[in-house]
Amino acid sequence: MAEPLLRVGGLSKSFGALRATDQVELEVLEGETHAIIGPNGAGKTTLIAQLAGDLRPDAGRIRFAGEDITALPAPARSRKGFARSFQITSVYRDFTALDNVALAVQAHAGHSFRFWRPARADQALRAPARAVLDEVGLGARADVPAANLAHGEQRQLEVAMALATRPRLLLLDEPLAGMGAEESQSMVRYLATLKGRQTMLLVEHDMDAVFTLADRVSVLVYGRIVATGTPAEIRANPEVRAAYLGEQE
Amino acid sequence: MRLGRRRIVLLALVLLFAAVPPAAALLGQPFYVDLVRRVMIYAIAAVSLDLILGYGGMVSFGHAAYLGVGAYAVTILAVYGVHSALVQWPVAIGASMLLALAIGAVSIRASGIYFIMITLAFTQMLYYLGVSLDAFGGDNGMRLPMRSQFGGLIDLRNGTQFYYLVLALLVLAVLLVRRLVDSRFGMVIRAAKSNEARTRAIGFTPYPYRLAAFVISGGLCGLAGALLINHTAYLTPDLMHWTRSGELLFMVILGGIGSTLGPVLGALVLLVLENALSSWTEHWQIILGPFLVLVVLFARRGLAGLLWREERDG
Amino acid sequence: MNLQLVLEQVLNGAQLGVTLFLMAAGLTLVFGIMNLVNLAHGSFYMAGAYLAVTFYRWSGSLVLGVLLALPATLLVGVVIEVVALRTLYERDHLDQVLATFGLILFFNELIAIIWGRVGLFINLPGWLSGSIDLGATFSYPLYRLVIIVAGIVVAGALWYMVTRTRLGMLVRAGATNRTMVAALGVNIRLLYTLVFGLGAALAGLAGALAAPIYAVQPGMGDPVLIQAFVVIAIGGIGSIRGALVGALIVGMVDTLGRAFLKPALATLISAPAAQSAGPALASMLIYLLMAVVLALRPEGLFPARGH
């Protein structure tokens, strides 16, 4: 069997006495859609931060595409094909949706020490950006400043920006956060179209979405992965049920 | 050529400035040529500062240092008999860029408060250095031996010729910064200012770009320094005093941060105001101080924001 | 270069260090807890000096002058905080820098209007002037020694307050995580005002103590402010320990540099070259030191964690 695209081993991070991440083992295979679920306070945010390169783990290794990226900062990870979207929408509010995505394209188009040509007239950036916007369904809103987009559209923009970098792995941090029922379904439908051709690591609370999209699910409780398996296996797992007792589904 | 609103205003400003020497001659008031020339020189410095401040979000309290380096470079070369502007001015720019590189390398990695403090401290360091350079006037300063020479093409002793040279350089500076800001390079700087986490997440490492912007900004300000010393013809370390940096920052804010012409307007208003106030009372700073505070508190978007609600570089 | 000279300069360095510590302690707390860049902090130093002079003239006693200047400066600080600075807490650093810069211009000119631009002087009373003998062959000005001792006492009092009292606990907590402290329901406004007032009082003390030996004139606080910035850059933001260590380092390096760099250089290069390079380099020394520290430790030596 081929080496997993992402392999996390023994990842640990403590804040004082609090073990936010406790010997986490995680694998994401190429082409897989892998979800991470867990009750509130399980340490998902800390784990994401370490995967994305915003936080240094105390121990453990992260291997991506056969390379040890544990010490790499976030921009370097992105350049290696690791893209992420943010749980709390983090786009360029003063720039249009197209500008936003074009910047993501630009980040992966070599160095940016180009001082003369106006970036907004650069078709090498604008055309691919437009294509990605169309793909996620924001094509008509390309020229709207990001701050003026509806919340659901901003979440779409988050995904678009991540996709525009042509990632090998797409890390989606609660893509459905704050979305209403209709918007959520729309996003899930879209993500389903990515299944198979885009490796995804999905962190989500919304169980319907998780069970629709995920090939495999890992459950994070108190910083530890307590179970990994197909959605059906996880559903039936007594430990998982116990952890979620009292939690809404 | 599509004439956007911005271009119209720039054109109008250029025409206005261009009309000053003949108007002053007509009115028999050569003083205005002097004043507006000084405004334009400071405007170049303010434009350079706006590049990193308005677009890059880097609050440099140390830009006076580059004015000083530019001025000292020209003077020191002049003392050693090198008077050609074609040597002096590139040296002034180059020296400023080197200094900006050195200071930037140490400061830019630092977070907001630190960056301000550090740039302030380095400027003061250069001030003290200037004060201790007895060979070049020390505390009291010294006269510039001879103005920069253009080999007969332009005579800087001719107030009007010098004036138009400065005007041309100001226009170039504004156009240059405009280009930079709209280029791929400029977009990275602006993105990093707008949302640093996002910028890193998509794959940019802001540091080298910020450093480059800092260096370019320093170089342009060094040019302003070379112009300034030719204007005042008297070198003094006061050029590098940190309060000068504060004035430059104010010009940018007053005019409208992150707007093309804001710094120019800011320089105009601040210098004219200082001029008017200081001729009225010796204690003009007690009026200027609170005025500045009020501008910060209530007119944060500056003149550009008040006058025509320019959408912030959409 | 003899032992006496070195000893004298070391003590001078300690005295400068004390002055800088008093300035930097308040400033670093205000930075760390309120995230406020206050360029006008030097104005409190100046206010302390001028108030000390005024009370001295009124009462005839230096001690009374200094003692009265303290609460007066505290009051000035509190008034400034309430009237002018409260709105700045939410603003970004650029706004804070510019607004407080405007305040500096205002205060410098205000002082000049009230007291004139000419430097003022305080005469040390008989019992404080003169030197004290330390050892058989060495004597040192008593007053400077008093300043050093005062600094140690204040540092001790601050340490006690910060580590042993409830207020100190809030201060430390606020320095490491401001939002959390606010979320815990502490009266943030009062805390801010107290911290700010404390900082102003410390700066005022520094100014008042300095009045007899340095020139009391408008703008006197500005160079000291910048040195305090260097101290904080080296020591780390939000940390009293950093301020103390940084202040002593800066005080020593600056004083010893000015005293000994020129003769030291003269042993390496020609005397005339040392004559010009020595003072120039000496004045740049603390900034170069700051650059080195920052290159190695961008957060300073003892930063308080978080924001």
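Calculation criteria
Residues numbered from 1 in each chain as written. Chains lettered and ligands numbered in written order. Predicted model: local features only at pLDDT ≥ 70, side-chain atom pairs only at ≥ 80, totals over all residues. Core = buried A, V, L, I, M, F, W, Y, C linked by C-beta atoms within 7 Å. Buried ≥ 20, exposed ≤ 12 C-beta atoms within 10 Å, placed from the backbone. Domains from an automatic or database assignment. Contact = placed C-beta atoms within 7 Å. Helix = DSSP H or I, 4+ residues; strand = E, 2+ residues; numbered from the N terminus. Nonpolar A, V, L, I, M, F, W, Y, C, P; charged D, E, K, R; others polar. Pairing = 2+ DSSP bridges. Axes fitted to C-alpha atoms, helices over the stretch in contact; angles between N-to-C directions. Left-handed = near helix turned anticlockwise from the far one by under 90°. pLDDT = per-residue confidence, 0-100.

1. Side note on the nonpolar core
A general tendency of soluble globular proteins is for nonpolar side chains to be buried together.
Right, so step 1: Grouped together as the largest cluster of nonpolar side chains are 288 residues, with contacts concentrated most on Val101 of chain A together with Ile44 and Ala121 of chain B.
Right, so step 2: Of the domains in this structure, domain 1 (1-81 + 168-249) and domain 2 (96-166) of chain A are the two that each give at least three residues to this core.
Right, so step 3: Not counting residues up to four positions away in its chain, the partners in contact with Ala121 of chain B are Ile226, Phe229, Val230, Ala233, Tyr287 and Met290 of chain C.

2. Topic: the interface of chain C and chain B
Right, so step 1: The partner chain B presents 38 residues to the 36 residues of chain C that form the contact.
Right, so step 2: The set of elements that each furnish at least two residues to the side of chain C that touches chain B consists of α4 (93-115), α9 (221-235) and α11 (271-296) of chain C.
Right, so step 3: Per-element accounting of the side of chain C that touches chain B gives the leading share, 16 residues, to α4 of chain C.
Right, so step 4: Looking at side-chain class alone, the side of chain C that touches chain B contains 28 nonpolar, 6 polar and 2 charged residues.

3. Some remarks on the interface of chain A and chain B
Right, so step 1: The interface is formed by 27 residues belonging to chain A together with 23 residues belonging to chain B.
Right, so step 2: Every element with two or more residues in the side of chain A that touches chain B is listed here: α2 (74-79) and α3 (97-107) of chain A.

4. Details of unusual backbone geometry
Residue and element names in this part refer to chain A.
Right, so step 1: Here Gln23, not a glycine, exhibits a phi torsion of approximately 50°, which is positive.
Right, so step 2: Its place among the elements puts Gln23 in strand β2 (residues 18-28).
Right, so step 3: Gln23 sits in the partly exposed class, given 14 other C-beta atoms within 10 Å.
Right, so step 4: Even without glycine at this site, Glu174 takes up a positive phi of about 45°.
Right, so step 5: With respect to the helices and strands, the residue Glu174 is situated in the loop between β7 (169-173) and α6 (181-194).
Right, so step 6: Residue classification places Glu174 among the buried residues on the basis of 21 C-beta atoms within 10 Å.

5. Some details on the sheet that holds strand β4 (residues 59-64) of chain A
Residue and element names in this part refer to chain A.
Right, so step 1: Reading across the sheet, the 4 strands line up as β2-β1-β4-β5 and stay open at both edges, with antiparallel pairing between neighbours. A strand with exactly one partner marks an edge of an open sheet, and here the two such strands are β2 and β5 (67-68).
Right, so step 2: Alignment of strand β1 (residues 6-15) against β2, held across 7 bridges, turns out to be antiparallel. Each residue of the ladder has a partner; that of Arg7, found in β2, is Glu27.
Right, so step 3: This element, helix α1 (residues 44-52), spans β1, β2 and β4 of the sheet and lies at about 55° to β2.

6. Quick notes on the packing of helix α1 (residues 3-34) of chain C against helix α10 (residues 240-266) of chain C
All names here are of chain C.
Right, so step 1: At their nearest, the axes of α1 and α10 sit 7 Å apart, and the two run at 145° to each other. Pair α1 / α10 crosses with right-handed handedness.
Right, so step 2: Residue classes in the contact of α1 with α10 are distributed as 15 nonpolar, 9 polar and 1 charged.

7. What to know about the confidence of the model for chain B
All names here are of chain B.
Right, so step 1: A residue-level look at chain B finds 96% of positions with pLDDT of 70 or above and a mean pLDDT of 89.
Right, so step 2: Low confidence marks residues 310-314, where pLDDT is under 50. Its contacts with residues over four positions away, or in another chain, come to 6 contacts.
Right, so step 3: The ipTM for the predicted assembly is 0.91, set against a pTM of 0.89.

8. Details of the sheet that holds β7 of chain A
Residue and element names in this part refer to chain A.
Right, so step 1: The 6 strands are arranged β6-β7-β8-β3-β9-β10 in an open sheet whose pairing can be described as mixed. A single partner strand is all that each edge strand has here, and the edge strands are β6 (82-85) and β10 (224-229). Neighbouring strand axes in the sheet, compared pairwise and without regard to direction, differ in orientation by 20° on average.
Right, so step 2: Sheet analysis places β6 next to β7, joined by 4 bridges and oriented parallel. Directly across from Phe82, in β7, lies its bridge partner Leu169.
Right, so step 3: On top of the sheet, α1 reaches β3 (33-37), β6, β7, β8 (199-203) and β9 (216-221); it is set at about 150° to β7, its chief contact.
Right, so step 4: Running over the sheet, helix α5 (residues 151-164) touches β6 and β7 and is turned about 170° from β6.

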